[in-house]
There are 2 protein chains.
Amino acid sequence: MSLLVVGSVAFDALETPYGKVDRTLGGAATYFALAASCFTHVRLVGVVGDDFTERDREVFRGRKIDTEGLEHANGKTFFWAGRYGKDPNDRVTLVTELNVFAQFQPNLPQSYRDSAYVFLANIDPTLQRSVLHQIERRPKLVALDTMNYWIERTPAELQETLKHTQILMINDDETRQLAAEHNLLRAAARIFKMGPRTLVIKRGEHGAMMVHNRFIFSVPAFPLEEVHDPTGAGDSFAGGFMGYLAGAGRINDNTLRRAMVYGSVLGSFAVERFGVERLRKLTRKEIGQRARRFWKLTAFSL
Amino acid sequence: MSLLVVGSVAFDALETPYGKVDRTLGGAATYFALAASCFTHVRLVGVVGDDFTERDREVFRGRKIDTEGLEHANGKTFFWAGRYGKDPNDRVTLVTELNVFAQFQPNLPQSYRDSAYVFLANIDPTLQRSVLHQIERRPKLVALDTMNYWIERTPAELQETLKHTQILMINDDETRQLAAEHNLLRAAARIFKMGPRTLVIKRGEHGAMMVHNRFIFSVPAFPLEEVHDPTGAGDSFAGGFMGYLAGAGRINDNTLRRAMVYGSVLGSFAVERFGVERLRKLTRKEIGQRARRFWKLTAFSL
């Protein structure tokens, strides 16, 4: 079924212990769309500047990604520069230039307005809500990412948007901050009172945990010998998760568990190379193989 | 089959966000023995002082724990005082008084010298090796814990002891320190060259990972709403792990995976109450129930 993503498209400059790139296509919506398009048709909403060329757009071509909603504005594309240490969690932001993204007003093409699955990447919660207002029928599933900036600066707006959200996908620090509670289970219970019925906690190298009304599901990160570039891991996870669910067209305990696994699979591939390089080359066969390796990594009988 | 544990028996003073106790029986060998005795017969080697009374010994009575090897020395029992923050990883040591433990020389009673399964808790690697010399037949399985102190202060002695070890059970920081390598998979490969063929990495609230020649297995920590006292979690994990293996009497992929789960089960119970309180009351039925909950926490089908 149709999957809409709204979020950033950016150019990134990245430095990790494995190398350095000065300018590569990134942004949450880019990683998400590439990951999700392995499973289903994706509709992309974002904004880029004059410096975004036809060659950059090539990334989305030949995949199930509709870019009608990728707006071109006057000015430069969102630019982010960051450096990672040996520990992928040690991230230093060197430059953030919002550029055209500062004035971003998501505008859904008419053909997007019947989207059944919606992912609102980490942007201003007011803009996230404006996306939902443009959708004509109540979507089957709305999932949302956010960050400390919005939790601290626009708490009332975020709370209002959370009322319309079924799945909240954030990391463990954000979970604790949003709920003002250190224990993740108790934090989840508080977050359920804000609207979401499902919380997906992304924990980087420690995997991910889903807390849902009826069950808790935990999946480890895939052990890798080399993490070349951690950028986009969380957004690729979200893309694999939502892409799988939208492709399956059913939301139940089994598909939610599988979505967690496919999210982890896509996140694990994303970090193997710089930027979106690995996701671009990824095949369905490789995805299936790695999902089975996740099974071997976690399966036991009693 | 017979399981030998050699390690500390101590009195602990503990302070956590859930309360405070001034003196409770603790120590690695105590937690290990209580956990392992849920599965198999345990032989305990350690040392206590004059202040260790018949009432303290009650903890081991009525369980499958042989305390013939628990030596009584003149002086006071090892005493440790610590405080934990809201985050169970925030641990501050307030007092360490080694007392009779400072002169500990493990001495195996004759009846222990045919032990097939051996767990060497975190003590001086020279003493760990002296235990192995006292065992008459080559044990079926030797597992070992250690810590930064020995990795830094007695590296040559530790290396010598590791040559006689099949399973090394340490935490992620210790893994990285011992191997001088941040990536855990590459660290495991280096550790395998030191002797062990299996590495069990304990990661606290993030669960545990086993790296073995033929496979990697990962198990999450059991999500708990309240961690009353994290003391002894790792030793209870080791006890559940080794106790299950010794009880099963077979070491293969399936029993190793199950051992990881039962280790996690015992670790998760240990932290629910202060000191060894929860382990003392634990039933086989509760263990089985929680193991099934671990299955539900991690199971998926593709």
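Everything below is about the structure printed above this text.
My aim in this report is to walk through the structure given alongside it, one point at a time. (Residues numbered from 1 in each chain as written. Chains lettered and ligands numbered in written order. Predicted model: local features only at pLDDT ≥ 70, side-chain atom pairs only at ≥ 80, totals over all residues.)

## Quick notes on the sheet that holds strand E2 (residues 10–16) of chain A
Residue and element names in this part refer to chain A. Strands sit in the order E3-E2-E6-E7 across an open sheet of four strands; the sheet is mixed. Only two strands of the sheet have a single partner each, and these edge strands are strand E3 (19–26) and strand E7 (91–97). Geometrically, the sheet is characterised by an average inter-axis angle of 15° between neighbouring strands, direction not taken into account. (Pairing = 2+ DSSP bridges. Helix = DSSP H or I, 4+ residues; strand = E, 2+ residues; numbered from the N terminus. Axes fitted to C-alpha atoms, helices over the stretch in contact; angles between N-to-C directions.)

## Structural notes on the relation of the copies chain B and chain A
Note: a rotation about an axis with an accompanying shift along it relates these two copies of the chain. Overlaying chain B on chain A yields an RMSD of 0.0 Å, the required transformation being a rotation through 180° with an accompanying axial translation of 0.0 Å. Between the two chains, the operation in question is that of a two-fold axis. The rotation axis passes nearest to the C-alpha of His206(B) in chain B, at a distance of 3.1 Å. Both copies contact each other with a shared surface, as 100% of the interface residues of chain B are interface residues in chain A too. (Least-squares fit on C-alpha atoms with pLDDT ≥ 70 in both. Contact = placed C-beta atoms within 7 Å.)

## Comments concerning helix H11 (residues 284–298) of chain A
Between the first and last C-alpha of H11(A) there are 21 Å, a value that for 15 residues agrees with the 21 Å anticipated at 1.5 Å per step. On its buried side, H11(A) packs onto strand E13 (216–219) and helix H9 (253–270) of chain A together with strand E13 (216–219) and helix H11 (284–298) of chain B. (Expected span 1.5 Å × (residues − 1).)

## Some remarks on the interface of chain B and chain A
Taken together, the contact between chain B and chain A spans 28 residues of the former and 28 residues of the latter. Those elements giving two or more residues to the side of chain B that touches chain A turn out to be helix H7 (184–192), E13, helix H9 (253–270) and H11 of chain B.

## Structural notes on the packing of helix H8 (residues 233–248) of chain B against H9(B)
Residue and element names in this part refer to chain B. Between H8 and H9, the least distance of the axes is 7 Å, while the angle of their chain directions is 140°. By the angle between their directions, the pair H8 and H9 is classed as oblique. Relative to H9, H8 is oriented so that their crossing is right-handed. Residue-level inspection shows Ala233, Ser236, Phe237, Ala238, Gly239, Gly240, Phe241, Tyr244, Leu245 and Ala248 of H8 in contact with H9, the latter providing Thr255, Arg258, Ala259, Met260, Tyr262, Gly263, Ser264, Val265, Leu266, Gly267 and Ala270. Looking at side-chain class alone, the contact of H8 with H9 contains 13 nonpolar, seven polar and one charged residues. (Parallel < 35°, antiparallel > 145°, perpendicular 65-115°, else oblique. Left-handed = near helix turned anticlockwise from the far one by under 90°. Nonpolar A, V, L, I, M, F, W, Y, C, P; charged D, E, K, R; others polar.)

## Here's the deal with unusual backbone geometry
One non-glycine residue, Ala180(A), lies in the positive phi region at around 50°. Note that Ala180(A) resides in the loop between helix H6 (172–179) and helix H7 (184–192). In this structure Ala180(A) comes out as exposed when scored by C-beta crowding, with 9 C-beta atoms within 10 Å. Not every positive phi belongs to a glycine, and Asn99(B) is a case in point at roughly 50°. Along the chain, Asn99(B) falls in the loop between strand E7 (91–97) and strand E8 (117–120). Note on Asn99(B): 20 C-beta atoms within 10 Å, which makes it buried. (Buried ≥ 20, exposed ≤ 12 C-beta atoms within 10 Å, placed from the backbone.)

## Section: the nonpolar core
By size, the foremost hydrophobic cluster in this structure holds 187 residues, and its most contacted members are Val5(A), Phe32(A), Phe119(A), Val5(B), Phe32(B) and Phe119(B). Excluding residues within four positions of it along the chain, Val5(B) makes contact with Ala29(B), Phe32(B), Ala33(B), Ala36(B), Val42(B), Leu44(B), Val45(B), Phe119(B) and Ala121(B). (Core = buried A, V, L, I, M, F, W, Y, C linked by C-beta atoms within 7 Å.)

## Digging into the sheet that holds E7(B)
Residue and element names in this part refer to chain B. One open sheet holds the four strands; their spatial order is E3-E2-E6-E7, and the pairing between them is mixed. One side of each edge strand has no neighbouring strand; the edge strands of this open sheet are strand E3 (19–26) and E7. Averaged over all pairs of adjacent strands, the angle between their axes in this sheet comes to 15°, without regard to strand direction. As paired elements, strand E6 (residues 78–84) and E7 share six bridges and run antiparallel to each other.

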